Amino acid sequence: MLNATPEASEAFKETLMQRPLLHLRTQLWEQRPDLEEDASLDRYTRAIEECGLVGELPATETGKCARTAAALRAQGNRKYVARDYRSALLKYNESICHAGTESAELGLGYANRSAVYFAMNEFELALANVALAKEHHYPEPLMPKLVDREQNCQAKLAEDQSKGTIPKKRFELNVPVNPKIPFLADGIGMVRLEDFGRSMVATKSFAVGDVILHEKSILASIDLMKQFQCCNLCSAVESLNLIPCPNCVTVMYCSRECLERDFRLVHRFECPIAEKVQHLCYGFVNLGTKLFFYGLSLFNDDLDEMMRYCDRVKDGGNPLKLDYTRYDPLEEWKELYNLSAVTNPDREGNYRFFVAMRCLMFLGCPLVKSIVVTEQHKAFMRQCVLDCTRAGSYYRFDVTSPLFPVQSLFNHSCDPNVQISILSGHVKLVVIRPVRPGEQICFSYGFIWWDPQSNPLFQEKTPGVFECKCVVCDPIKKLEWQARKGRFNAEAKQALATIIRTVRPSPKVDLIQLKVLENFIERHAAIAHPHKDFGLILSLYCRWIYLLLKDEDDALRRAKILARLRGQSTAEVD
């Protein structure tokens, strides 16, 4: 669970408990106490059918509705007047989802979103929404108001009042890259470790500040909490600057490209029943059905051919075997499916219930019904979705779970040596302390040794959710880890004193001071790690790296928007 705050975690738990899916699971156990946790998928399916649970899902198939869109937009207006801009954007997004493609409500939703961005001094985003409003039936009598806002935005940009289109620092791969995987640094290989399974280990040294991975997601599971905030394909938040599916009211996208790709590969199976399927939404578990339909599309909807491939012993899955310079998404999917995911007894009963429910629901979709015809087909679909759901646990983060095949090979440690950043559907790994040949490369899911409050939820160590075996959490390993600490020599003490005296935590990063921190970590990590004072240096460095990554993402988004508005290519910006 990445970057989860206590408030977010509690809100997430509360939201989950309100979902029909969890109540239906409880109802099944009450009606069928004889149903074992490890019952077969076939038995779960029959029990759900006999109890009529699918029919008890709320019927919310309202579809596009101008009245609903107007009501949601009015709620957004009240939030806007109260200057609660984030909440206003969420309501406008929901309104945009419910507005018909030929409805003036769609144009009004985009126009209102442009007003919020203007108030937030996000003039590029405001202009993008002005353009969308003009393209989508914005009422002609109101057009002077929209044009006036457009001209004001252009004037602000001409006065150089943009929040910035040039990043303070670029985080692209700055080391030699893998010849077959150009988004991964050379000198990193996959091995299988007893306590960690698939693991990424350095075969050469990496220095502080090295960017060793920059990968784009191929799919994402978006929880209901984020459905009007994130792209349904790549998980990009895009500052809520999203466009809707033209046919349903449940998903949004960061671009026309993502919308079209998702419909071609996955969403066409979901769209006709999307409003019912959303009741079966449960975090990363949704990746099970998404991965199944993604694979089915890559097999050109030939379920029999897909079955023939999957009827083989899994070899564990290794995306590093692929040649990404000649990208083949089908071969990538096969490596994802080949993952021999460990069955977790604490979760398996829930997985089987969720899978049986979702498969029954999807079989109500005419397209799925036309492909999954025989009982053998249905049994295969259930088993394949279960396999993909188990695999999906390797890609989970928080309420959104983007799927990065190569990044998923890097494990967690409470003593990380790289920092992870997931922004706009891209993941980057930045080295935060020296990595030597033979060392495992790890990032943190949230808890870090130098900050005990970094993720209280993680500290609970809930049984069946996460069992950490890193050097901080394993009692035997921890003794050896703590014994590594050396004594600060005179040079290190003087350098530390200088940093404490001159470097001040600030939301505005000083690149010169950042370099001072990098030099100190690189030079003294061998003797300073894991001293408490060294942890403070690492904490500040990681905080600044995150701020710079966020600044880079925001600036590049504005630059791409301007390029599109001017009819220019975004290739150089990317």
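Residues numbered from 1 in each chain as written. Predicted model: local features only at pLDDT ≥ 70, side-chain atom pairs only at ≥ 80, totals over all residues. Heavy atoms only, no water.

> Requested: an account of the sheet that holds strand β3 (residues 211-216), with residues and values cited.
Ordered by their spatial adjacency, three strands build an open sheet running β3-β10-β9, and the pairing between neighbours is antiparallel. Both outer strands of the open sheet, β3 and β9 (418-423), are each paired with one neighbouring strand and no more. The sheet shows a mean angle of 15 degrees between the axes of neighbouring strands, direction not considered. Judged from the five bridges that link them, β3 and strand β10 (residues 426-431) form a sheet pairing that is antiparallel. Each bridged residue has a counterpart across the sheet, and for valine 211 the counterpart in β10 is valine 430. On the sheet, helix α21 (residues 532-565) packs against β9 and β10 and is oriented at approximately 25 degrees with respect to β9. (Pairing = 2+ DSSP bridges. Helix = DSSP H or I, 4+ residues; strand = E, 2+ residues; numbered from the N terminus. Axes fitted to C-alpha atoms, helices over the stretch in contact; angles between N-to-C directions. Contact = heavy atoms within 4.5 Å.)

> Residues and numbers for helix α13 (residues 329-337), please.
Burial of α13 is extensive: seven of the nine residues sit out of reach of the surface. Within α13 the residues assigned to the buried category are Leu330, Glu332, Trp333, Lys334, Glu335, Leu336 and Tyr337. Looking at the buried positions of α13, the neighbouring elements they touch are α11 (287-298), α12 (303-310), α16 (375-392) and β7 (400-403). (Buried < 20%, exposed > 50% of the residue type's maximum accessible area, 1.4 Å probe, protein only.)

> Describe the nonpolar core, listing the residues and the values that go with them.
Among the nonpolar cores identified, the biggest contains 94 residues, and Phe292, Met306, Trp333 and Met381 are the most heavily contacted of them. Discounting residues that sit within four places of it in the chain, methionine 306 has contacts with Phe292, Gly295, Leu296, Phe299, Trp333, Phe380 and Cys384. Residues Phe171, Val211, Val472 and Cys542 belong to the second largest nonpolar core, which totals 39 residues. (Core = buried A, V, L, I, M, F, W, Y, C linked by side-chain atoms within 4.5 Å.)

> Residue-level account of the packing of helix α14 (residues 345-362) against α16, with values.
Taken N-terminus to C-terminus, the directions of α14 and α16 make an angle of 130 degrees; their axes are 9 Å apart at the nearest point. Between α14 and α16, the interaxial angle falls into the category oblique. You can see that α14 and α16 cross each other, and the crossing is right-handed. In this structure, α14 contributes Glu348, Tyr351, Arg352, Val355, Cys359 and Phe362 to the contact, and α16 contributes Met381, Arg382, Val385, Leu386, Thr389 and Arg390. (Parallel < 35°, antiparallel > 145°, perpendicular 65-115°, else oblique. Left-handed = near helix turned anticlockwise from the far one by under 90°.)

> So, the environment of alanine 492: which residues are in play, and what are the values?
Along the polypeptide, alanine 492 turns up in helix α19 (residues 490-502). C-alpha separation for the pair alanine 492 and leucine 24, spaced 468 residues apart in sequence, amounts to 60 Å. Filtering out sequence-adjacent residues up to four positions away, alanine 492 remains in contact with Phe520, His524 and Ile527.

> I'd like a rundown of the packing of aromatic side chains, residues and numbers included.
By the definition in use, this model includes 18 aromatic pairs. For the ring pair phenylalanine 183 and tyrosine 324, a centre distance of 5.0 Å and an interplane angle of 80 degrees mean the geometry is edge-to-face. With phenylalanine 183 in the loop between α8 (143-158) and β1 (188-193) and tyrosine 324 in the loop between α12 and α13, this residue pair connects regions lying 141 residues apart in the sequence. Residue phenylalanine 183 shares its accessibility class with tyrosine 324, and that shared class is buried. Seen from their ring centres, phenylalanine 443 and tyrosine 445 are 5.6 Å apart, and the 40 degrees between their planes marks the pair as tilted. Here the two residues phenylalanine 443 and tyrosine 445 agree in accessibility, since each one is buried. One aromatic cluster is present, formed by Phe269, Phe292, Phe293, Phe362 and Phe380 through successive ring pairs. Sitting over the ring of phenylalanine 171, lysine 169 keeps its end group 5.5 Å from the ring centre. Just above the ring of tyrosine 337 sits the side chain of lysine 314; from NZ or CZ to the centre is 4.4 Å. (Phe/Tyr/Trp six-rings, centres within 6.5 Å; stacked < 30°, edge-to-face > 60°. Lys NZ or Arg CZ within 6 Å of the ring centre and 35° of its normal.)

> Requested: an account of the packing of α19 against helix α20 (residues 511-528), with residues and values cited.
Here α19 crosses α20 at 150 degrees, and the two axes come no closer than 11 Å. In terms of their interaxial angle, α19 and α20 are classed as roughly antiparallel. Crossing of α19 over α20 shows left-handed handedness. The residues of α20 that touch α19, namely those facing Glu491, Ala492, Ala495, Leu496, Ile499 and Thr502, are Gln513, Val516, Leu517, Phe520, Arg523, His524 and Ile527. Of the residues contributing to the contact of α19 with α20, the split by class is eight nonpolar, three polar and two charged. (Nonpolar A, V, L, I, M, F, W, Y, C, P; charged D, E, K, R; others polar.)

> Before we move on, can you summarise the confidence of the model for the protein with the specific residues and values?
When pLDDT is averaged along the protein, the result is 88, and 90% of the positions lie at 70 or above. Across residues 1-18, where pLDDT falls below 50, the model places 33 contacts with residues more than four positions away in sequence or in other chains. Note on residues 456-465: pLDDT is under 50 here. Beyond four places in sequence and across chains, it has 22 contacts. (pLDDT = per-residue confidence, 0-100.)

> Which residues make up unusual backbone geometry, and what values go with them?
Following histidine 529, the chain continues to proline 530 via a peptide bond in cis, the omega torsion being 5 degrees. Positive phi outside glycine occurs at aspartate 160, with the angle close to 60 degrees. In this structure, aspartate 160 sits in the loop between α8 and β1. Assessed through its relative accessible area of 67%, aspartate 160 is described here as exposed.

> Describe the pairing of strand β2 (residues 197-202), and please don't skip the residues or the numbers.
Where burial is concerned, most of β2 is hidden: five out of the six residues are buried. By the bridge criterion, six bridges tie β1 to β2 in an arrangement that is antiparallel. Residue pairing for β2: glycine 189 is matched across the bridge by valine 201.

> Which residues make up the pattern of salt bridges, and what values do they have?
Counted by the stated rule, this structure contains 34 salt bridges. With a shortest N-O distance of 3.5 Å, lysine 91 and glutamate 94 are connected by a salt bridge. Remark: glutamate 94 and lysine 91 occur in helix α5 (residues 85-98); sequence separation between them is three residues, near one turn of the helix. Overall, the relative accessible area of 23% leaves lysine 91 in the partly exposed class. Salt bridges here are not isolated pairs; linked through shared partners, they connect Arg32, Asp34, Glu36, Arg43 and Glu50. (Salt bridge = Lys/Arg side-chain N within 4 Å of Asp/Glu carboxyl O.)

> Describe the pairing of strand β4 (residues 219-222), naming the residues involved and giving the relevant values.
Across the two faces of β4 the burial is the same, with Leu219 and Ser221 and Ala220 and Ile222 all buried. Here β4 runs beside β7; their pairing, made up of four bridges, is antiparallel. Directly across from leucine 219, in β7, lies its bridge partner leucine 403.

> If you had to explain the side chain of glutamate 335 to someone new, which residues and values would you point to?
Among the secondary structure elements, glutamate 335 is positioned in helix α13. Beyond its immediate sequence surroundings of up to four residues, glutamate 335 is in contact with Gly317, Asn318, Pro319, Lys321 and Leu322.

> Let's hear about empty space enclosed by the protein: which residues, and what values?
The tally for this structure, following the rule as stated, stands at two cavities of 30 Å³ or more. Reported here for the largest cavity is a volume of approximately 240 Å³. Elements that contribute at least two residues to the lining of the largest cavity include exactly β4, α9 (256-270) and α10 (274-277). Classifying every residue of the lining of the largest cavity gives eight nonpolar, seven polar and three charged. (1 Å grid on protein atoms, 1.4 Å probe; cavity = no way out; pocket = protein on both sides within 12 Å on 5 of 7 lines; lining within 4 Å. Points joined across faces, edges and corners; volume = space filled by probe spheres on them.)

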